[in-house]
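The chain contents come next:
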Amino acid sequence: MQVEGLNIHPLKSGRAIPVESATIRLDGLAGDRRYMVVEPDGRFITQRELQPLARVEATAVGESLLLEMEGRQLLASFEPDDRLDVTVWDSAVNAAVADEAVNDVLSDWLARPVKLVHMDALAHRAEGEDWAGAPAPVCFADGFPVLVTTTGSLADLNRTLVAKGQEPVGMDRFRTNILVSCDDPWAEDLWEAIEINGVVFDFVKPCARCIMTTQDQMTGERIGGNPIQGLAEKRMSADRRVPGVLFGWNAVPRGEGEVRLGDAVRVVKTREERWPMKVRA
């Protein structure tokens, strides 16, 4: 097995950026989900409720962020003293906030009042103690530093979608960080830890999937195959701790290093049992 794909998402819910190599930190891939769009009161916003975010491409330029959307550009900078208390689910973060001129332009692009925030060196967040054994440092990801998926599982899902008369979908629907080439569908359910170029990743919690997987990741439109319907065939969680359909695993890095496309992936610890799934009648 090897690393088939690497992606960062500089802006949470913005476009993914494929990369050939990534620096792994304890809080995830360097540059991943360091910026976020929020309501004026600080509550996080994603494609779930604001589909046009899929059309926003973000590129870090030093400590600034270059945003591009449909031919328009906006360079946002952040002052450490300008801060806003923001929330990601139940998690609170004191983040740097862009100036009002930037927020006004971005609000115009997205057709609703928003603010842009940055998890800078002064911002801290740790989550997942119940799953990871200790609070894991994390940026603006939903809950854990890294999401790992496999090619074999996507292929199996697409076989199900095609059998249902739907179009196959790409891995971009699942906004993965590390894509592993593996022919065995759902083999990752039995992986407790993998190692890539000396960095160990603990698989701590399966990832429940939401309506964002039904959205085209270039336009934000809900078109094409519906992964939720496909996953419901045999990937519906039977464990109430993680309800819904599952695809991919949330992982916590236990060290730092560099991961590159083509790097070997080695399973270093396995589980005795798979995550329980409901059986459809």
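All of these numbers come straight from a predicted model, not from anything done at the bench. (Residues numbered from 1 in each chain as written. Predicted model: local features only at pLDDT ≥ 70, side-chain atom pairs only at ≥ 80, totals over all residues. Heavy atoms only, no water.)

Peer 1: How should I be thinking about the side chain of T46 in this particular structure?
Peer 2: Residue position: T46 is located in the loop between β5 (35-38) and β6 (57-61). Its relative accessible area of 1% is what places T46 among the buried residues. Dropping the residues within four chain positions of it, T46 is found in contact with K12, S13, L53 and M212. (Helix = DSSP H or I, 4+ residues; strand = E, 2+ residues; numbered from the N terminus. Buried < 20%, exposed > 50% of the residue type's maximum accessible area, 1.4 Å probe, protein only. Contact = heavy atoms within 4.5 Å.)

Peer 1: Sorry if this is basic, but what is going on with helix α1 (residues 100-110) here?
Peer 2: An α-helical turn contains 3.6 residues, so a residue and the one three or four places further along point in the same direction. By the burial criterion, the buried members of α1 are V102, N103, L106, S107, W109 and L110. Buried residues in α1, looked at end-on, bunch into an arc of 155 degrees, giving them a common side. Relative to its buried face, α1 has exposed residues pointing more than 90 degrees away, namely A101, D104 and D108. Check the buried side of α1 and you find it contacts β5, β7 (64-69), β8 (72-76), β10 (91-98) and β11 (115-118). Taking the backbone nitrogen of A101 as reference, a side-chain oxygen 3.1 Å away marks D99 as the first, capping residue of α1. A111 sits one or two positions beyond α1 and adopts a positive phi of about 60 degrees. (Arc of directions from axis to C-beta. Polar contact = N/O pair within 3.5 Å; in protein donor to acceptor, adjacent residues only side chain to side chain.)

Peer 1: Hey, could you run me through a negative patch on the surface in this one?
Peer 2: Residues E79, D81, D82, D99, D104 and D108 make up a contiguous surface patch of negative charge. Examining the composition of the negative patch, we find that 3 residues originate from one element, strand β9 (residues 78-88), more than from any other. Taking the relative accessible area as the measure of exposure, E79 reaches 49% and is therefore partly exposed. (Patch = residues over 30% accessible without salt bridge, like charges linked within 9 Å, V, L, I, M, F, W, Y side chains within 5 Å. Areas by Shrake-Rupley, 256 points an atom, 1.4 Å probe, with all protein chains shown as cover. Salt bridge = Lys/Arg side-chain N within 4 Å of Asp/Glu carboxyl O. Lys, Arg positive; Asp, Glu negative; His and termini not counted. Charge placed at Lys NZ, Arg CZ, Asp CG, Glu CD.)

Peer 1: What exactly am I supposed to notice about the pattern of salt bridges here?
Peer 2: When the charged atoms of two side chains with opposite charge come close together, those side chains can pair. Evaluated as defined, the whole model comprises 21 salt bridges. R34 is the salt-bridge partner of D27, the closest N and O atoms lying 3.0 Å from each other. Note on accessibility: D27 and R34 belong to one class, buried. Each of E39, R43, E49 and R112 takes part in salt bridges that share partners, so that together they form one network.

Peer 1: Could you clarify how one ought to interpret the nonpolar core in this entry?
Peer 2: When a protein is soluble and globular, its nonpolar side chains tend to lie buried together. Among the nonpolar cores identified, the biggest contains 28 residues, and I178, I196 and F201 are the most heavily contacted of them. Those elements that provide at least two residues to this core are β1 (2-8), β3 (21-25), β14 (146-150), β15 (178-181), β16 (191-196), β17 (199-208) and β18 (246-253). L50, L67, A76 and L110 belong to the second largest nonpolar core, which has 22 residues in total. (Core = buried A, V, L, I, M, F, W, Y, C linked by side-chain atoms within 4.5 Å.)

Peer 1: Whenever I open this one, the environment of E70 confuses me. Can you help?
Peer 2: For E70, the location among the structural elements is in the loop between β7 and β8. Between the alpha carbons of E70 and W109 there is a distance of 9.5 Å; along the sequence they are 39 residues apart. Polar contacts involving the side chain of E70 include one to the side chain of R55, which spans 2.6 Å.

Peer 1: It is not clear to me how unusual backbone geometry should be interpreted in this structure. Could you clarify?
Peer 2: Excluding glycine, residues mostly have negative phi values, and the peptide bonds linking residues are mostly trans. Located in the positive-phi region is A111, a residue other than glycine, with phi close to 60 degrees. The topology assignment puts A111 in the loop between α1 and β11. A positive phi angle is found at W186, which is not glycine, with a value near 65 degrees. If you trace the backbone, W186 turns up in the loop between β15 and β16.

Peer 1: Sorry, what's going on with the sheet that holds strand β19 (residues 257-260) here?
Peer 2: The antiparallel open sheet is built from 3 strands, whose spatial order is β4-β3-β19. Strand pairing shows two members of the sheet lacking a second neighbour, β4 (28-29) and β19, which therefore form its edges. In this structure, β3 lies alongside β19, joined through 4 bridges in antiparallel fashion. When the sheet's bridge partners are listed, T23 is paired in β19 with E258. (Pairing = 2+ DSSP bridges.)

Peer 1: Can you walk me through the packing of aromatic side chains in this structure?
Peer 2: The relative placement of two aromatic rings is captured by the distance of their centres and the angle of their planes. Going through the model one piece at a time under the given rule, you end up with 8 aromatic pairs. Between the aromatic rings of W249 and W275, the centroid separation amounts to 6.4 Å while the plane-to-plane angle is 85 degrees, which identifies the pairing as edge-to-face. Of this pair, W249 sits in strand β18 while W275 sits in the segment after β20 (265-270), placing them 26 residues apart in sequence. Per residue, the accessibility class of W249 equals that of W275, and both read buried. Site record: aromatic cluster; members linked through ring pairs are W131, W191, F203, W249 and W275. (Phe/Tyr/Trp six-rings, centres within 6.5 Å; stacked < 30°, edge-to-face > 60°.)

Peer 1: So what exactly am I meant to see when it comes to the UniProt feature "domain: MOSC" (unreviewed entry) in the protein here?
Peer 2: Residues annotated in UniProt with the feature "domain: MOSC" (unreviewed entry) correspond here to residues 119-268. Within residues 119-268, the helical portion is 15% and the strand portion 30%, while the C-alpha atoms at the span's ends are 32 Å from each other. (UniProt positions renumbered as here; feature names shortened; annotations may be inferred.)

Peer 1: For this particular structure, what's the right way to read the environment of P145?
Peer 2: If you trace the backbone, P145 turns up in the loop between β13 (136-137) and β14. For P145, a relative accessible area of 2% gives the class buried. Remark: the alpha-carbon pair of P145 and K278, spanning 133 residues in sequence, is separated by 28 Å.

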